[in-house]
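Coordinates in review
The residues making up each chain are set out below.
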Amino acid sequence: MSSIDHIKQRIMAFVDDMVETTLVSETRKDELRALCDAICPLTPTPRPIDSQGASEGVWLTRFASFGAKHSDNKPLQHDTNLMLQSFGNLPNVPARVTKLHQEIEVASKAYNNVVFVTNPKGDCDAVIVMEGKYSGDDEHPQRYYVAFEQVSLKALGGQTDDALRAAFGIDPETPLSKEFRPPKLHSDIVYVDEDLRINYGSLSGFYVLERLKTPGFSVPLNH
């Protein structure tokens, strides 16, 4: 077995053993970061911005160290509110994150975060789609500069917008979609192959993602 396969097996075993409702200890998080640091120099795609198709697809977040203070002390599945998940653009009402996707499409330069949530009663599933565009430069070939510019909340169970607002306790007149001025963010794709991607974020977080063979929710992908 090659070094890359061995390290990759250890990374996947780590995330497979995780309990998504339980916060990983700092010691265990350091262990995973060390594995990521070890595999990154072995990436088959050292310049992702020159090989953008390697990162295109629908990705499931298997581990996230968010970096941001309001989220870094929480597991993947956690209680939050819509405002925190939308750069302050959705209402400050409670919700629970159940799953995180990221969807990248080369043709449109889409770099969308898709956050699956449920209301406090657990009887209404919805998704927050944070729409972004990416760009890059030759100086930082692993870096994707991302400008998020629109966010929306959409029901997953066929509910009307009014029913969705009622389920989450949102004022009836509040819009469920909003454009906003993009914050300046970037994320380095330090490793990517046919089914694994590792990102180091601009807020000191790091992420392990697994490619899904399912259609995109926010873009027409089916990889």
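The following paragraphs examine the structure supplied in this document. (Residues numbered from 1 in each chain as written. Predicted model: local features only at pLDDT ≥ 70, side-chain atom pairs only at ≥ 80, totals over all residues. Heavy atoms only, no water.)

We now examine the packing of aromatic side chains. This structure, assessed with the given rule, holds 8 aromatic pairs. Measuring from centroid to centroid gives 6.1 Å for F87 and F180, while their planes differ by 50°, and the two rings are tilted. Taken together, the positions of F87 in the loop between β2 (78-81) and β3 (94-105) and F180 in the loop between β7 (177-179) and β8 (185-192) put the pair 93 residues apart, joining distant regions of the chain. Look at F180 and you get buried, because its relative accessible area is 14%. The interplanar angle of 55° and the centroid separation of 6.1 Å between the aromatic rings of Y111 and Y144 together place this pair among those described as tilted. You can see Y111 sitting in strand β4 (residues 110-118) and its partner Y144 sitting in strand β6 (residues 143-155), a full 33 residues away along the chain. The exposure class of Y111 is buried, given its relative accessible area of 3%. (Phe/Tyr/Trp six-rings, centres within 6.5 Å; stacked < 30°, edge-to-face > 60°. Helix = DSSP H or I, 4+ residues; strand = E, 2+ residues; numbered from the N terminus. Buried < 20%, exposed > 50% of the residue type's maximum accessible area, 1.4 Å probe, protein only.)

This brings us to the side chain of T43. With respect to the secondary-structure elements, T43 resides in the loop between α2 (26-39) and β1 (57-65). Using a relative accessible area of 10% as the deciding quantity, one classes T43 as buried. At a separation of 3.4 Å, a polar atom in the side chain of T43 contacts the main-chain amide nitrogen of V192. Once residues lying within four places of it in the same chain are set aside, the contact partners of T43 are V190, Y191 and V192. (Polar contact = N/O pair within 3.5 Å; in protein donor to acceptor, adjacent residues only side chain to side chain. Contact = heavy atoms within 4.5 Å.)

For β8, a buried count of 6 out of 8 residues is recorded, marking the element as mostly surrounded by other parts of the structure. Taken together, the 4 bridges between β6 and β8 define a ladder with antiparallel strand orientation. Looking at the pairing, Y145 lines up with H186 of β8. Where β8 meets strand β9 (residues 196-201), 5 bridges bridge the pair, whose relative direction is antiparallel. Bridge pairing in β9 links V192 to R197. Remark: 3 residues form the turn of the hairpin made by β8 and β9, two consecutive strands paired antiparallel. (Pairing = 2+ DSSP bridges.)

Running from N to C, helix α1 (residues 3-17) and α2 point in directions that differ by 150°, and their axes come no closer than 10 Å. On the basis of their axis angle, the class for α1 and α2 is roughly antiparallel. Where α1 crosses over α2, the handedness of that crossing is left-handed. Residues I4, I7, K8, R10, I11 and F14 of α1 touch α2, and the partners they reach there are R28, L32, L35, C36, A38 and I39. (Axes fitted to C-alpha atoms, helices over the stretch in contact; angles between N-to-C directions. Parallel < 35°, antiparallel > 145°, perpendicular 65-115°, else oblique. Left-handed = near helix turned anticlockwise from the far one by under 90°.)

With respect to the element layout, P182 can be found in the loop between β7 and β8. Sequence spacing of P182 and P75 is 107 residues, and the spatial spacing of their C-alpha atoms is 26 Å. Residue contacts for P182: discarding those within four places in its chain leaves A147, F148 and E149.

Its 15 residues place the ends of α1 21 Å apart at the C-alpha level, agreeing with the 21 Å of an ideal helix rising 1.5 Å per residue. Where the residues of α1 are buried, they touch α2, β1, β9 and β10 (206-212). (Expected span 1.5 Å × (residues − 1).)

So, about the environment of L82. Mapped onto the elements of the fold, L82 is located in the loop between β2 and β3. For the pair L82 and A64, spaced 18 residues apart in the sequence, the C-alpha separation amounts to 18 Å. Among residues more than four places away in sequence, those in contact with L82 are L90, P91, V93, A95, I128, L153, F168 and I170.

Taken by themselves, the reported measurements are silent on function.
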